[in-house]
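Listed below, chain by chain, are the residues.
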Amino acid sequence: MNEETAADPALSVKPTKEFTLPTGVLALDISLDAKVAFASCIDGGAYAIATDSGERHELGNHDSYASGVAVVANSALVVSGGYDGALHWHDLAERKTIRTVSAHQFWSWQTGVSRDGRFVASVTGQYLCGGYKYEPLPEREPSVRVYDAQTGRLAHSFTHVPPVQSVVFSSDAKLIAAGNLMGEVRVWELANGRQVANFRTPGFTGWGIIKGHYYTGGIFALHFAANDEELYAAGMGSTTDPAAGNGRQLWQRFSWHDGRKLGETNENDSGRGLMETLAFHPSGKYFVMAGRLENGKWTMAFFDTKTGALLHWLDTKSRVTKAVFSADGTRLFIGETLGQAKPKDGKVPDFGRIQIFSVT
């Protein structure tokens, strides 16, 4: 692993432990005490992994890729989502799946849980060309669905332009935001279901002209700032080759009320690749963006929240799908996939990994 402190030598990030899994990790969350990590994986499984020993057990299994996982606060519940369009509620005390909800006709791209444990959200949508400009066909079902986290009852259905690839709740659980392939963000109030914002950023969407004529990219991660007045988005800068994944490693910061862009990754700080996750340190002083690398120095980097400056970077030699800080901010957990599952000496090696870093 390559590592370099870029601007803040006081920030120390050191790998302390890792666990491999036989399948790639697509989503990750951790318990409040950080003693258990929860992973949704390419084999469809949702797993619980003890962070001291690496011992794991399967919570449940989706019929296709398990693409999301989230701990429900103030409960013994974990919710997973999958490409089968289903949400599964797993009871940690009973070690079994206690509820399955058919949320979507298409894939669940991403799931999220509100910080107070009241709501679970899932987003969906398939990119189908709707006209001669290759604009997306209108949705066939509500692209954003919100459920009561305790009962599984449908609380809200929101419309968007598919595919919708990212979703996040505000820290006070009053708002929900979702971003799509075309760089469009919509924000709703959960108390009344009213849409309160709609803006678009062209920075995350590319038009293919080399190997295919279609749109690619999109907003893969969203995160409200601590004051809930600003919204961060992450993905990949536009590219002319959809197959290459060589757009700029990109985050952008917005005033979501009016869609004003307030900042973004410095051109000199980034290489090329798709960014899939954002995680803010509990102090609010810095955040992490991570994903996969096409060309450049890092797959995961730390940025100053106030200035946007690059503080630290690491090349994990992997695709980082999710990053999560422990509640006390002393540890960072990441979920990864390690290339393709190619047989070696008659066996398929582990190609999933969870890494734990100390952060001081």
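Preceding this paragraph is the structure being described.
Computed from a prediction, not measured in an experiment: that's the story for all the values here.

A look at the sheet that holds strand β29 (residues 319–325)
Okay, step 1: Taken in spatial order, the four strands line up as β2-β31-β30-β29 in an open sheet, and their pairing is antiparallel. Taken across any chain shown, the strands that pair with only one partner, and hence form the sheet edges, are β2 (13–21) and β29. Within the sheet, the average angular offset between the axes of one strand and its neighbour, ignoring direction, is 20°.
Okay, step 2: One ladder, built from eight bridges, connects β2 with strand β31 (residues 352–359); its direction is antiparallel. Each residue of the ladder has a partner; that of F19, found in β31, is I354.

Digging into the packing of aromatic side chains
Okay, step 1: All chains considered together, the criterion is met by 20 aromatic pairs.
Okay, step 2: With 6.2 Å between their ring centres and 70° between their planes, Y286 and F325 make a pair best called edge-to-face. On the criterion of sequence distance, the pair formed by Y286 in strand β26 (residues 286–291) and F325 in strand β29 is long-range, its members being 39 residues apart. Considered together, Y286 and F325 belong to a single accessibility category, that of buried residues.
Okay, step 3: Geometrically, the ring pair formed by F287 and F303 is stacked, given 5.5 Å between the ring centres and 25° between the ring planes. Of this pair, F287 sits in strand β26 while F303 sits in strand β27 (residues 300–304), and the two are 16 residues apart along the sequence.
Okay, step 4: Among the residues examined, F287 registers a relative accessible area of 0% and is labelled buried.
Okay, step 5: Residue F303 is classed as buried on the basis of its relative accessible area, which comes to 0%.
Okay, step 6: Aromatic rings pair up to connect Y232, W251, F280, F287, W298 and F303 into one cluster.

Focus: the pattern of salt bridges
Side chains that differ in sign of charge can pair as their charged atoms come close.
Okay, step 1: Scanning the model with the defined rule gives 15 salt bridges in all.
Okay, step 2: K96 is the partner of E94 in a salt bridge, and the nearest nitrogen-oxygen pair spans 3.3 Å.
Okay, step 3: Since its relative accessible area comes to 43%, K96 is described here as partly exposed.
Okay, step 4: One salt bridge in this structure joins E230 and R253, with 3.1 Å as the shortest N-O distance. On the criterion of sequence distance, the pair formed by E230 in strand β22 (residues 230–236) and R253 in strand β23 (residues 249–255) is long-range, its members being 23 residues apart.
Okay, step 5: Relative accessible area serves as the criterion here: at 16%, R253 is assigned to the buried category.

Calculation criteria
Residues numbered from 1 in each chain as written. Predicted model: local features only at pLDDT ≥ 70, side-chain atom pairs only at ≥ 80, totals over all residues. Heavy atoms only, no water. Pairing = 2+ DSSP bridges. Helix = DSSP H or I, 4+ residues; strand = E, 2+ residues; numbered from the N terminus. Axes fitted to C-alpha atoms, helices over the stretch in contact; angles between N-to-C directions. Phe/Tyr/Trp six-rings, centres within 6.5 Å; stacked < 30°, edge-to-face > 60°. Buried < 20%, exposed > 50% of the residue type's maximum accessible area, 1.4 Å probe, protein only. Salt bridge = Lys/Arg side-chain N within 4 Å of Asp/Glu carboxyl O.

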